[in-house]
Amino acid sequence: MSETARGSEKITDDTTAHWKRLDVRHHLNPQMNYHQLKEVEGGSRIITDASGVWLTDSEGEKILDGMAGLWAVNIGYGRDDFARVAAEQMNRLAYYNSFFKTTTPPTVELAAKLAEIAPGDCNRVFFGSSGSESNDTFVRMARFYWSIQGQKKRVNFITREMAYHGSTQTGASLGGLGILHEHFGLPLPNFHHVMPPYGFNFKRAGESDEEFGLRAARAVEEKILELGSDTVAAFLGEPVIGAGGVLIPPDNYWPEVQRICREYGILFGADEVITGFGRLGRWFGCQRWGLEPDMITMAKGISSGYLPLSGLMVSDKVARVMIDSGEDFYHGYTYSGHPVACAVGLANVEAMAREKVIETFDRDIAPYFRERLIGEFADHPLVGEVRVIGGLSAVEMVADKATGKRFEKTGSVGTLCRDHCMRLGVISRGIRDAMILCPPLVISRDEVDEMVRRLRLAVDLTAKEVL
Ligand SMILES: Cc1ncc(COP(=O)(O)O)c(C=O)c1O
């Protein structure tokens, strides 16, 4: 019987089996085919510990976390300084709300810090606990913004196919993934999706990146015109579509989309839930293209996943209309501005700045990460395209490298390769048939080598089975 130590507690095979049984009998995991709950044997892997970029499971296996949890743990695992901050705040004031003209010190300290680092004049934040919540807040605040100005016809939202904006009914409606719509009566009315800037899928023969970037941006304009520009409340987009497969736009796409939103007077929103807090080598992904959104949603990296926390930041233009209107904004969550979450969020943002996490990653690691991935996979017979930007990458596997032909059953090869990765001790998520990496930003060059080596082995094993 194997034994691993977890703090002072010993974990045996029996404890692992016990947890797996509890998981199968009593726990409904997110985004899962519940048919799998018929078997304890194949039950969930139990993660018990983590440090830096490494996870440990209940059987003592070390796993390199190439996904930063769920695109979240930007600063890496195991910060005991954050644990101390949380404990101190809990002892002093574990909870109070921000309704009815009250708030707490960590809430306003973090709000001010965010105003310092956000692009443009996004100076105010409405807190939540998850990306989905803050995207709901985005929709409600954008509707409110127009309604209080008497523009009650502005009810439509434009987003992109393949985008992911969360799992609530509104988040999933904003998102453009059919699998989140089927069975749920979605999207709700007034949510419209246009072509994403996914060149590998949508580029025409002979079309340059620039031409494609403009065509993809024009899809936003065409939708505005189709709906009537005076009926559109806002556009929302992830600077790089993440959970839809790491879709990196051509450089001219975003400036053109922003220009179009300004021209037609609709709110321009950025969903920075994945791309915020250093993922693209800047505090916010939109800063890579010099964008100044009217509204920005954020979560995950805001606290590096240490506690649930999210926010919607708004520009002075949006804030001014709400302040001057004198209308009540009937919206808010019990945990909006939670003091412990905000204290840890603040500790995270301050540590990132003090330790120069983003600059170091951008200068020393990001170029190496890119070089290693392209070096290893560009010529691989199973790989159609390698996409890398900052700390996000996708290795897109195809049935025919020459033509880019896809596999018959989308996602089956991605799942196979993901399972190989798991066995080889690296976490890489399969999205359709693309293998995704999004490691903690504190990863070292040696760890990048190890991560890429393990992914290469997994892709080789997959190729043997499917080519
Ligand atoms: C871009 C984006 N927006 C929103 C969300 C939803 O965040 P949450 O799962 O915290 O609700 C996600 C989650 O992955 C995301 O990637």
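See the structure above.
It should be emphasised that the depicted structure is a prediction, and the values quoted were computed from it without experimental measurement.

The rules behind the values
Residues numbered from 1 in each chain as written. Predicted model: local features only at pLDDT ≥ 70, side-chain atom pairs only at ≥ 80, totals over all residues. Pairing = 2+ DSSP bridges. Helix = DSSP H or I, 4+ residues; strand = E, 2+ residues; numbered from the N terminus. Contact = placed C-beta atoms within 7 Å. Axes fitted to C-alpha atoms, helices over the stretch in contact; angles between N-to-C directions. Expected span 1.5 Å × (residues − 1). Near = placed C-beta within 6 Å. Nonpolar A, V, L, I, M, F, W, Y, C, P; charged D, E, K, R; others polar. Parallel < 35°, antiparallel > 145°, perpendicular 65-115°, else oblique. Left-handed = near helix turned anticlockwise from the far one by under 90°.

Enquirer: It is not clear to me how the sheet that holds strand β5 (residues 62–65) should be interpreted in this structure. Could you clarify?
Expert: To summarise the sheet geometry, strands pair through backbone hydrogen bonds and adopt either a parallel or an antiparallel arrangement. One open sheet holds the four strands; their spatial order is β3-β4-β5-β15, and the pairing between them is mixed. The two strands at the open ends of the sheet, each matched to only one other strand, are β3 (47–51) and β15 (426–427). Taken together, the two bridges between β5 and β15 define a ladder with parallel strand orientation. Residue pairing for β15: Asp65 is matched across the bridge by Ile427. Set on the sheet, helix α14 (residues 445–466) makes contact with β5 and β15; between it and β5 the angle comes to about 100°.

Enquirer: I'm lost on helix α3 (residues 80–93) in this one. Help?
Expert: Every α-helix winds through 3.6 residues per turn, so residues three or four apart in the chain are directed the same way. Spanning 14 residues, α3 covers 20 Å between terminal C-alpha atoms, matching the ideal 20 Å at 1.5 Å per step. Next to the buried residues of α3 lie α4 (105–117) and α11 (339–354).

Enquirer: Before we go on, may I ask you to explain the site of the ligand in this structure?
Expert: Around the ligand, the structure places 15 residues, and the nearest of them are Ser130, Gly131, Ser132, Gly166 and Val273. Its residues assigned to classes, the shell around the ligand comprises five nonpolar, eight polar and two charged.

Enquirer: Please explain the sheet that holds strand β13 (residues 383–389) as it appears in this structure.
Expert: A sheet is described by the order of its strands in space; here four strands give the open sequence β13-β14-β17-β16, paired in antiparallel fashion. The strands lining the two open edges of the sheet, one partner per strand, are β13 and β16 (429–431). On average, each strand axis in the sheet is tilted by 20° relative to the strand beside it, whichever way the strands run. Here three bridges tie β16 to strand β17 (residues 434–437), and the two strands are oriented antiparallel to one another. Paired with Gly430 across the strands is Met435, a residue of β17. Sheet strands touched by helix α13 (residues 412–423): β14 (392–397), β16 and β17. Its angle to β16, the strand with the most contacts, is close to 175°.

Enquirer: It is not clear to me how the packing of helix α8 (residues 209–227) against helix α9 (residues 253–264) should be interpreted in this structure. Could you clarify?
Expert: Angle between the axes and distance between the axes are the two parameters that describe a pair of packed helices. Taken N-terminus to C-terminus, the directions of α8 and α9 make an angle of 20°; their axes are 8 Å apart at the nearest point. Compared by their axis directions, α8 and α9 come out roughly parallel. In this structure, the crossing between α8 and α9 has a hand that is right-handed. The residues of α9 that touch α8, namely those facing Gly213, Leu214, Ala216, Ala217, Val220, Glu221 and Ile224, are Tyr253, Glu256, Val257, Ile260 and Tyr264. When grouped by side-chain class, the residues that make up the contact of α8 with α9 number nine nonpolar, one polar and two charged.

Enquirer: Would you take a moment to explain the environment of Ala319 for this structure?
Expert: Residue position: Ala319 is located in helix α10 (residues 316–325). Sequence separation of Ala319 and Ile389 is 70 residues, and the distance between their C-alpha atoms is 32 Å. The contacts of Ala319, once residues within four sequence positions are left out, are Arg124 and Val314.

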